[in-house]
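# Structural overview for review
The primary structure of each chain is shown beneath.
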Amino acid sequence: MAVCEDKEQDPRIRRIASSIRVVPDFPKKGIMFQDITTLLLDPKAFKDTADLFVERYTGKGISVVAGVEARGFIFGPPIALAIGAKFIPLRKPRKLPGEVISENYVLEYGTDCLQMHVGAVQPGERALVVDDLIATGGTLCAAISLLERAGAEVVECACVIELPELKGREKLNGKPLYILMESH
């Protein structure tokens with residue numbers, strides 16, 4: 001796990017990086033799965049993760065934090081509460097009751113779909129998209145698309161980990177991405 005150069009001096013980043021387990025060949029052969037459940041077992045590293053995001057987004061006029069299922073649901077709500085924003089879950093199909101809008105996307109190991117409640121976002125709201133990791137960028141692109149179709153302005157995407165060799169950042173069409181660390 002590599003710490004981003006501009007964050008090297010912050011001991012919290014090193015603690016977070018050292019708490020993440022890498023599981024080879026999961027969920028299928030050839031994937032090096034970045035398991036953040038071990039980070040969650042370390043209360044200090046978990047708090048450090050939330051604190052770093054809160055420090056970045058406090059006072060930025062963000063009114064929506066959208067968390068991508070499922071691990072975006074772990075990091076998104078504490079950020080939303082701390083910065084005074086609402087939390088919107090972006091879910092897999094058939095998980096949200098009522099009227100939804102959908103976006104299909106490609107993963108590094110398959111395809112999927114994200115859904116959001118119609119009316120969850122109002123036109124002009126400033127949104128932050130949160131997930132644990134960016135790989136190929138498909139999930140974040142789907143999240144951005146859902147929010148923008150509803151009229152939100154996506155300010156930035158925030159992930160704990162980036163897999164830079166998969167070039168997901170390039171697929172975000174210039175949308176800012178903030179990460180805590182890279183995995184190679």
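Everything discussed here concerns the structure shown above.
Reference entry: report on the structure contained in this document. None of these values were measured; they are calculated from a predicted model.

Thresholds applied
- Residues numbered from 1 in each chain as written.
- Predicted model: local features only at pLDDT ≥ 70, side-chain atom pairs only at ≥ 80, totals over all residues.
- Heavy atoms only, no water.
- Helix = DSSP H or I, 4+ residues; strand = E, 2+ residues; numbered from the N terminus.
- Expected span 1.5 Å × (residues − 1).
- Buried < 20%, exposed > 50% of the residue type's maximum accessible area, 1.4 Å probe, protein only.
- Arc of directions from axis to C-beta.
- Contact = heavy atoms within 4.5 Å.
- Salt bridge = Lys/Arg side-chain N within 4 Å of Asp/Glu carboxyl O.
- Right-handed = clockwise from strand over helix to strand, strands pointing away.
- Pairing = 2+ DSSP bridges.

## A few points about helix 4 (residues 72–83)
- Spanning 12 residues, helix 4 covers 16 Å between terminal C-alpha atoms, matching the ideal 16 Å at 1.5 Å per step.
- Here helix 4 has its buried residues at Gly-72, Phe-75, Gly-76, Ile-79, Ala-80 and Ile-83. Looking straight down helix 4, one finds that the buried residues subtend no more than 125° of arc, so they occupy a single side.
- Where helix 4 is buried, its residues meet helix 2 (37–40), helix 3 (43–57), strand 4 (64–68), strand 5 (86–90), strand 8 (126–134) and strand 9 (153–162).
- Two residues or fewer past helix 4, Gly-84 is found with a positive phi of approximately 75°.

## Considerations on the pattern of salt bridges
- Across all of its chains, the model carries 14 salt bridges by this definition.
- One salt bridge connects Glu-55 with Arg-12, and the closest N-O pair in it is separated by 2.7 Å. Within this pair, whereas Glu-55 is found in helix 3, its partner Arg-12 is found in helix 1 (residues 11–18), the two being separated by 43 residues in sequence.
- A salt bridge links Lys-175 to Glu-148; the nearest nitrogen and oxygen atoms lie 3.0 Å apart. In this pair, Lys-175 is assigned in the loop between strand 9 and strand 10 (177–182) and Glu-148 in helix 5 (residues 138–149), connecting sequence segments 27 residues apart.
- Residue Glu-148 is classed as partly exposed on the basis of its relative accessible area of 37%.
- One network of salt bridges, in which partners are shared, links Asp-10, Arg-12 and Glu-55.

## Considering the pairing of strand 9
- Summarising burial for strand 9: 8 of the 10 residues are buried, a large majority.
- You can see the chain leave strand 8, run along helix 5 and come back into strand 9, and the turn it takes is right-handed.
- With 5 bridges joining them, strand 9 and strand 10 adopt parallel strand pairing. Residue pairing across strands places Glu-162 opposite Glu-182, the latter belonging to strand 10.

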